[in-house]
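Chain by chain, the residues run as shown.
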Amino acid sequence: MTAPSTKEKNAAPFWEYVRVKDYQLPAAPVNQVARKRFSSLRVLFRRETAEQEAPLHTGEDLKTLPLQQLDRIAPLPAWNDAAASLGLDLQGWLDQENPGPPVIVLLGPPYHGHADILTSWAEQREWEILGAPSPEQILSGDDRWLSGLHKQKDVPWVFPALERAYFRNSMGLNLVRCFLDNAFSGQFGRGIIGCDSWAWAFLQYAWRGRQPIVLTLQSFDQARLAAHFQHLAAAACIRPLRFRLSHTGSYVLPPPEEADESNGISDFVQLLAAHSRGIAGVAWALWRSSLHTEPDEALKIATDQEAQEGSGHDTVWVTPWEQVQHPSLPDGAGRDEAFVLHALLLHNGLEPQLLQQILSMSANQVMETLFRLEAANLVVRNDAIWQVTPLGYPAVRTFLQKNGYLIDQF
Amino acid sequence: MGNSADMAKIFHSLGQANLVQIGLIAVFAVLCIFLGQRLLAWLANKCTGRRRLLLFNSMPLLRLLVFIATSVLIIPRLIEPTIENLVALLGALGLALGFAFKDYASSLAAGFISLYEMPYRPGDWIEVNGAYGEVRAINMRTVEIVTPDDTVVVIPHLKLWDQLIFNANDGGENLLCVADFYLHPAHDAVQVKHLLYDVALTSPFLQINQPVNVIVLNKPWGTHYRLKAYPIDMRQQFHFISDVTMRGKAALMGQGMEFVTMPAITKMD
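Residues numbered from 1 in each chain as written. Chains lettered and ligands numbered in written order. Predicted model: local features only at pLDDT ≥ 70, side-chain atom pairs only at ≥ 80, totals over all residues.

(A) Region of the structure containing the overall build of chain A. What chain A contains, in helices and strands, is 18 helices and 12 strands. Burial statistics for chain A: of 410 residues in total, 41% are counted as buried. (Helix = DSSP H or I, 4+ residues; strand = E, 2+ residues; numbered from the N terminus. Buried ≥ 20, exposed ≤ 12 C-beta atoms within 10 Å, placed from the backbone.)

Shown next as structure tokens:
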């Protein structure tokens, strides 16, 4: 294996891998916790027929950033950096000629990037990427997929998304059980399995084998998120940016040294980290939705001279936390909504036909529920697959937990 | 005559002011119980799981507290509250009730016992004399249950004394459901057992933290499988049984299993 590069060393602060039990949920400020409890009590006493809360305006003098600029300031998280950092944490295991556990599991909550990280890792290290079986193969228990897997034992492999290898159906579990039995017995040689935390939570009941080593990407707490967002913005080749709250002017990310610090630093990022449960993709989506600019102001790309002199800066206005729109479950959401959302999370997205088969619901019932949830911005269709949105994930998780459904560890 | 005179002495002379006070206290107590129970039931129906049961369970307690408080307020306005007076009054009351309202008094007494022993609580699923349903309210004399067919059954508490009370969840939030499957004896029982286990495991109604069991019984006419599991929400027990039955049938038929259509009738000599 190659020695860790400079890039890998630099990437370490953002991306740290820990055992699942060491995953730390970011804490919310105390006043926010009290406010949340009070609000849940208020919800209890709210009349059922009450209308949904009116959308909060973000200020008429501000406009949403154009998508192009948004993509520059807050681009997709760089999972290849995360993959590079994985090498540092797995160095001991990689150095072993005959590794103790032949297979390691990389677990992640939705939008925490486990599949992208492993795909990127495999490309960087030239490991074989194992493809998932088709839905038909899973449901028919077709073991040709299994027998066709990984012929060259000396080449390490990754299986980026274990959640794509099973269905919560009585016919949909045999293939994944055989795969896990074979993989953990060392039959395929050295490898890493990526798995969504919700699917893993369910598979713990469906598959009884020796417990493997399970790693996860550490949560993005306040400090890590602030550093991450600054890193993303700095890499955008735009003039230096200052992120300030639109109603008080206080800084959201630590300002540069020469800036006037009389405005103070807000607890926006701490709230964001706690609300998103430290999940990178959820925090990123919320961050993007809260960025605004003044109507006539365009964020300029830094000229070479400006970059050298470090002169000038642009301000991005951030919506106050109280005004950031968080999707919530529609009034009267009940069993159908819970079933659909739970199935989507357990499989990290599904096609409607499969949802129908898994839940024994009619096509109409499934589509009606999906459209209702889509209107509430809780699910979205990517190609043919419906998924829970990153913005809606915290509300969906809370809803399922309150109603006694199996939830993940994060 | 002498006894009636003694009894009369026990009571205060009830002035108009006392009567008004007693009336007001009684009305206030009834209002407290009525509104309190309504509020608790409304809140409980907005919650799920343990919180729902806690709120339901606090209803009889609320009524007991109001009853005690009312008694403490009313009795001193009626009699001089000495031990002798109380014993004499209760004795006379007991005698009267024993003859005139034996069953009524028995139900009231059982109602008090039920608050202490808690053979059923609001939110429990109970069966008494063949009536099965969810306990909706525990009144002073009766317990009200709502059957799965949405029929209210009013059961006097006195059934406590001599009837079997079946409580399916006993104050908890887990209720065991059983789905039955009857198969032709010629099949691989291990395969069926594993298949039925997966059927329960993959039901979206399943409370996955609770155990799933498949019991196999050999019968003269075939093999009887009992699939036992817990639903997430007790109120969905019949949907849960329907779901695992439908899935189980589909899965078994998919594996070519043959069902027993009718039990054989054996003639006994």
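Still more ground to cover, so stick around.
(B) Representation of the overall build of chain B. Within chain B, the regular secondary structure consists of eight helices and eight strands. Here chain B holds 269 residues, and the buried ones make up 25% of them.

(C) Main features of the nonpolar core. Ala283(A) and Leu227(B) are the most contacted members of the largest nonpolar core, which has 143 residues in total. The greatest single-element share of this core, amounting to eight residues, is contributed by helix H15 (residues 335-347) of chain A. Ala283(A) has contacts with Phe220(A), Leu225(A), Leu272(A), Ala273(A) and Ser276(A), leaving out every residue within four places of it along the chain. One finds Ala44(B), Leu53(B), Leu55(B) and Phe56(B) within the second-largest nonpolar core, a separate group that totals five residues. (Core = buried A, V, L, I, M, F, W, Y, C linked by C-beta atoms within 7 Å. Contact = placed C-beta atoms within 7 Å.)

(D) Examining the sheet that holds strand E10 (residues 314-318) of chain A more closely. Here we have four strands laid out as an open sheet, ordered E2-E9-E10-E8 (chain A), and mixed in their pairing. With one partner strand each, in any of the chains shown, strand E2 (63-64) and strand E8 (241-245) of chain A form the two edges of the open sheet. (Pairing = 2+ DSSP bridges.)

(E) Highlighting the sheet that holds strand E6 (residues 191-196) of chain A. All names here are of chain A. With mixed pairing, six strands are arranged side by side in an open sheet as E1-E7-E3-E6-E5-E4. The sheet is open, and its two edges are formed by strand E1 (17-19) and strand E4 (128-129), each paired on a single side. With three bridges joining them, E1 and strand E7 (residues 213-217) adopt antiparallel strand pairing. Bridging across to E7, Tyr-17 finds its partner in Leu-217. Sitting on the sheet, helix H10 (residues 197-206) is in contact with strand E3 (103-108) and E6, with an inclination near 100° to E6. (Axes fitted to C-alpha atoms, helices over the stretch in contact; angles between N-to-C directions.)

(F) Spatial organisation of unusual backbone geometry. Residue and element names in this part refer to chain A. Positive phi, close to 55°, is recorded for Asn-348, a residue that is not glycine. Examined against the element boundaries, Asn-348 turns out to sit in the loop between H15 and helix H16 (352-359). Residue Asn-348 is classed as buried on the basis of its 22 C-beta neighbours within 10 Å.

(G) Fine view of the confidence of the model for chain B. Mean pLDDT over chain B stands at 85; residues scoring 70 or higher make up 90%. Confidence estimates for the predicted assembly give a pTM of 0.80 and an ipTM of 0.83. (pLDDT = per-residue confidence, 0-100.)

(H) The environment of Gln230(A), seen in detail. Inspection of the secondary structure puts Gln230(A) in helix H11 (residues 222-234). Distance in space between the C-alpha atoms of Gln230(A) and Ala74(A) is 9.2 Å, their sequence separation being 156 residues.

(I) Just helix H12 (residues 268-275) of chain A, in detail. All names here are of chain A. Summarising burial for H12: eight of the eight residues are buried, a large majority. For H12, every residue scored as buried is listed here: Phe-268, Val-269, Gln-270, Leu-271, Leu-272, Ala-273, Ala-274 and His-275. One or two steps after H12, the chain reaches Arg-277, where phi turns positive at roughly 55°.

(J) Local environment of the packing of H10(A) against H15(A). Residue and element names in this part refer to chain A. Put simply, H10 and H15 touch, their axes get as near as 6 Å, and they point 95° apart. Here H10 is positioned roughly perpendicular relative to H15, judged by the angle of their axes. For the pair formed by H10 and H15, the contact residues are Trp-198, Ala-199 and Phe-202 on the first element and Leu-345, Leu-346 and His-347 on the second. Class assignment for the residues of the contact of H10 with H15 results in five nonpolar, one polar and no charged. (Parallel < 35°, antiparallel > 145°, perpendicular 65-115°, else oblique. Nonpolar A, V, L, I, M, F, W, Y, C, P; charged D, E, K, R; others polar.)

(K) Summary view of the interface of chain B and chain A. Contact residues are listed per partner, giving 18 residues for chain B and 18 residues for chain A. Looking at the side of chain B that touches chain A, the elements that each hand over two or more residues are helix H2 (16-46), helix H7 (189-201) and helix H8 (237-254) of chain B. Looking at the side of chain B that touches chain A residue by residue, the classes come out as nine nonpolar, four polar and five charged.

(L) Up close: the packing of H15(A) against helix H17 (residues 363-375) of chain A. Residue and element names in this part refer to chain A. Two elements in contact, H15 and H17, have axes separated by 10 Å at closest approach and are oriented at 85°. Taken together, the axis directions place H15 and H17 in an arrangement best described as roughly perpendicular. Contact residues: H15 offers Asp-336, Glu-337, Val-340 and Leu-341, while H17 offers Gln-365, Val-366, Thr-369, Leu-370 and Leu-373. Here the residues of the contact of H15 with H17 sort into five nonpolar, two polar and two charged.

(M) Representation of the environment of Pro327(A). All names here are of chain A. With respect to the helices, strands and loops of the structure, Pro-327 is situated in the loop between E10 and H15. Along the chain, Pro-327 and Leu-391 lie 64 residues apart, while their C-alpha atoms are 6.7 Å from each other. In contact with Pro-327, not counting residues within four places along its chain, are Ala-376, Asn-377, Leu-378, Thr-389, Leu-391, Gly-392 and Ala-395.

(N) Summary view of H15(A). Residue and element names in this part refer to chain A. Given a rise of 1.5 Å per residue, 13 residues ought to cover 18 Å, and the 18 Å separating the end C-alpha atoms of H15 matches this to within 8%. Burial analysis of H15 places 11 of its 13 residues in the buried class, which makes it a mostly covered element. Here H15 has its buried residues at Glu-337, Ala-338, Phe-339, Val-340, Leu-341, His-342, Ala-343, Leu-344, Leu-345, Leu-346 and His-347. Buried residues along H15 sit against H10, H16, H17, strand E11 (379-382), strand E12 (385-388) and helix H18 (393-402). Looking at the residues trailing H15, positive phi occurs at Asn-348, about 55°. (Expected span 1.5 Å × (residues − 1).)

(O) Broad picture of the pairing of strand E3 (residues 142-146) of chain B. All names here are of chain B. The side-chain alternation of E3 yields one buried face, formed by Val-143 and Ile-145, and one unburied face, formed by Thr-142, Glu-144 and Val-146. Bridge count for strand E2 (residues 131-138) against E3 is four bridges, and the pairing is antiparallel. Following the sheet pairing, Glu-134 is matched in E3 by Val-146. Hairpin geometry of E2 and E3 is characterised by an intervening segment of three residues between the two adjacent antiparallel strands. Pairing geometry for E3 and strand E4 (residues 152-156), over five bridges, is antiparallel.

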